[in-house]
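One letter stands for each residue in the lines below.
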Amino acid sequence: MAGDPLGRLQELLERCQVEVRGESLGSGFFVAPGYLLTCSHVAGPDAGARVDVVWRERRKQERTFEGTVRAASPAPAVRGDMWPFPDLAVIELSGRCPDHPCVWLSDVVPAFHTPLVAAGLSAVYEPLNPRRFLSSLSSRGLQELSSAEGRMLVLDGEITQGMSGGPILSAVSGRVCGVVKAARLQDSDMGGLATPMRGLRALDPDVYRRVIRAHDRFHAADSAWSKMADRVAGEGADGLTGAEERRLLAAIAELPEAAGSHEAAFLSIASVGTQPPDWELLDRRDVFTELAARDGEADDLPDALAYAVDLARQGSSGAHDRLSDRVVRAARRLGVSHAVRQRLRHAPVRAEQSSIIVRLRPSLLDRRRYHVMMWRYEGADRVVTAGGESEALSLGEAVAVLAERLPEQISVMGGVSKPGLIEFLVPREVMDEDFSNWRLWPRWSWFLLGHKQHVVLRALERHEEPELHAAWVARWERLGAGAVGDVLSCVCGRDGQNESLLGACFDNDPRLGALALAGSPLAPQLARVYDVAVASGVPVMLWQRGSQVCARSSSAECGVPGPGTCLTNQFLAHARQALATTTVDQLPERVRELRNEAVKLQQRHHVGDRLVILWDDPGRRIPSAPLVPTDEGVTA
């Protein structure tokens, strides 16, 4: 057995195995110090429930511990039906954690006819005294079941009662790739079903991240399993060895939290045309393992190593330095040191800002009623629908639907305390809705949406008229990296500022890309100004909610709009001063700061008081049809 790496792994597998006494009697196995994995139908579906865990440390040495269910799949709606996907539960041992080994997990689904070894309890030979049992199985691929939201792994071989919740070891990779779920027929060798290890991501995301990072840290310090797995798999000639992978994953687990979409990071590295994984990416390690499983290349580097390089160059902490060191060591063995050094030297690419896009679209039958739709914008090629479009609603009903849906989406994007971008795509008649002062969190009544988040408006009319896009893009690009305050111009719609004159001014002056409206676009004189500006491609407008056209002296006359100073519009003067060093990219954050300054200073006439911003980046488009299927929510 000493010279047989698979035999050694089977011994380790048995040492990681436990007996779980919860809703039923079944198996489980250690995945991280103090944490074990089993089936939900074994442990029970209730987080916080107590179970007994029996670990046979040695053949004749048995220890019993109390465990707490930290996350579990729900029970079936109809008692007696098959438990729905993923039918998994995470249990944490209470009290002092014993010194135990942990299996090494793999997200890779075993190929057809891959030889497997399952471990669990069996009472086949001693009905009154279940014992550890190893069973030789093989994979028959994934099977989609009508009762499951994810696909199950189909197994050939003998699965006995009591093996549910037990680990499945791949004899090809040397890693645990699944969890035994059910036998097709008891007391037979007709096989059954297992949950692929990726199904662990379908549980509570916070529990998943805590467990999987503890798993990676364990294997960074304990090389026993990975050494045997490398011998089983014969890895290392063309790709990362198990030892290199576990060291990289451990370094990734130490990195500080950062904003950004994991799916966007995956797609930025993967080959063009690659589809996102079926299972959600909840952590950086998921991106790494999915890229490693696909074995593609990016910039002459293995995709997973390219991703690790990008993570290493995103900061200067000790964790980033350790990751960089491990990347360089792996690159040296793979003969790609030059490519890694080049990639490490490049400055980190600023990720496209994620956001929530909300659309209020008037009904074709009655413009006083609105359809509500929401997306999570995670990149130009990743716009995820966040619930179906609502039926036609009154404005009050539409606002209520948004107030109900938004907090959940803000939580997905990082939480209320992390300033994020929220884009309201609305028609002109809704432009003065008080979005920035919405109170969406009853527990914190002083939390105002536009004071916590970057709340901006966008012109619905322009998004629905492709003919208007060329001028829009040109003016946005013209704004560039210069200060918005330098180009901010006033328009008021008075005197000769009719549609024809305004249109001619916009056509002849490409500098007119940022406007300080002399009042609300709902004011009759400014409504036509707003319409011409939108049609002419003006991407940035500022005004104070509910304000009328500014007062002026009897001798003053409003001429054509341009960069000159308006003698009567104090809002323009204050806005220019406040935005004297602000670029267009910085504008949403600066407006949030100004709103908070107005509250802090309690100045009614502060430029941040009732401040509204139309900030319409033409690169941030919603799809004409969803790029990905609706993944949450229901029609309101």
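Bear in mind the structure is a predicted one, so any value in this text is a computation, not a measurement.

It is the contact of helix α9 (residues 318-334) with helix α10 (residues 337-345), at a shortest axis distance of 8 Å, that shows an interaxial angle of 150°. Taken as axis vectors, α9 and α10 run roughly antiparallel relative to one another. Here S324, V327, V328, A331 and R332 of α9 come into contact with α10, specifically with S337, V340 and L344. Its residues assigned to classes, the contact of α9 with α10 shows five nonpolar, two polar and one charged.

Spatially, the six strands close up into a barrel ordered β7-β8-β9-β12-β11-β10, and their pairing is antiparallel. Between one strand axis and the next, the sheet turns by 40° as a mean value, whatever way the strands run. By the bridge criterion, three bridges tie strand β10 (residues 167-170) to strand β11 (residues 176-183) in an arrangement that is antiparallel. When the sheet's bridge partners are listed, P167 is paired in β11 with V179.

As for its placement among the helices and strands, A573 is situated in helix α18 (residues 570-578). Assessed through its relative accessible area of 38%, A573 is described here as partly exposed.

We now examine empty space enclosed by the protein. Going through the model one piece at a time under the given rule, you end up with three cavities of 30 Å³ or more. Around the largest cavity, the lining residues are E433, F435, S436, V455, V456, L457, R545, R595, L611, V612 and I613. Counting residues per element, the ones that place at least two in the lining of the largest cavity are β20 (454-459) and β24 (611-615). A breakdown of the residues in the lining of the largest cavity according to their chemical character gives seven nonpolar, one polar and three charged. Estimates place the volume of the second largest cavity at around 40 Å³.

Once that is clear, we can look at the confidence of the model for the protein. Averaged over all residues, the pLDDT of the protein is 83; the fraction at 70 or higher stands at 87%. The low-confidence segment residues 347-351 (pLDDT under 50) makes four contacts with residues lying over four places distant or belonging to another chain. Throughout residues 625-636 the model reports pLDDT below 50, and contacts reaching past four residues in sequence, or to other chains, amount to 36 contacts.

Attention now goes to the packing of aromatic side chains. Enumeration according to the criterion identifies seven aromatic pairs in this entry. Relative to W438, the ring of F424 has its centre 5.8 Å away and its plane inclined at 85°; by these criteria the two rings are edge-to-face. Of the two residues, F424 is situated in strand β19 (residues 421-426) and W438 in the loop between β19 and α12 (449-452); the sequence distance between them amounts to 14 residues. In terms of burial, F424 and W438 fall into one category: buried. Pairing W446 with F447 gives two aromatic rings, centres 5.4 Å apart and planes at 90°, and the pair type is edge-to-face. W446 sits in the exposed class, given a relative accessible area of 56%. What links up through ring pairs into an aromatic cluster is the set F424, F435 and W438. Just above the ring of W104 sits the side chain of R175; from NZ or CZ to the centre is 4.0 Å. Sitting over the face of the ring of F447, K452 holds its NZ or CZ atom 4.1 Å from the ring centroid.

Okay, the nonpolar core next. Counting 76 residues, the largest nonpolar core has L406, F424, L449 and M541 as the members making the most contacts within it. Discounting residues that sit within four places of it in the chain, F424 has contacts with V358, L402, L406, F435, W438, L449, V455, V456, L457 and R458.

The rules we used
- Residues numbered from 1 in each chain as written.
- Predicted model: local features only at pLDDT ≥ 70, side-chain atom pairs only at ≥ 80, totals over all residues.
- Heavy atoms only, no water.
- Axes fitted to C-alpha atoms, helices over the stretch in contact; angles between N-to-C directions.
- Helix = DSSP H or I, 4+ residues; strand = E, 2+ residues; numbered from the N terminus.
- Parallel < 35°, antiparallel > 145°, perpendicular 65-115°, else oblique.
- Contact = heavy atoms within 4.5 Å.
- Nonpolar A, V, L, I, M, F, W, Y, C, P; charged D, E, K, R; others polar.
- Pairing = 2+ DSSP bridges.
- Buried < 20%, exposed > 50% of the residue type's maximum accessible area, 1.4 Å probe, protein only.
- 1 Å grid on protein atoms, 1.4 Å probe; cavity = no way out; pocket = protein on both sides within 12 Å on 5 of 7 lines; lining within 4 Å.
- Points joined across faces, edges and corners; volume = space filled by probe spheres on them.
- pLDDT = per-residue confidence, 0-100.
- Phe/Tyr/Trp six-rings, centres within 6.5 Å; stacked < 30°, edge-to-face > 60°.
- Lys NZ or Arg CZ within 6 Å of the ring centre and 35° of its normal.
- Core = buried A, V, L, I, M, F, W, Y, C linked by side-chain atoms within 4.5 Å.

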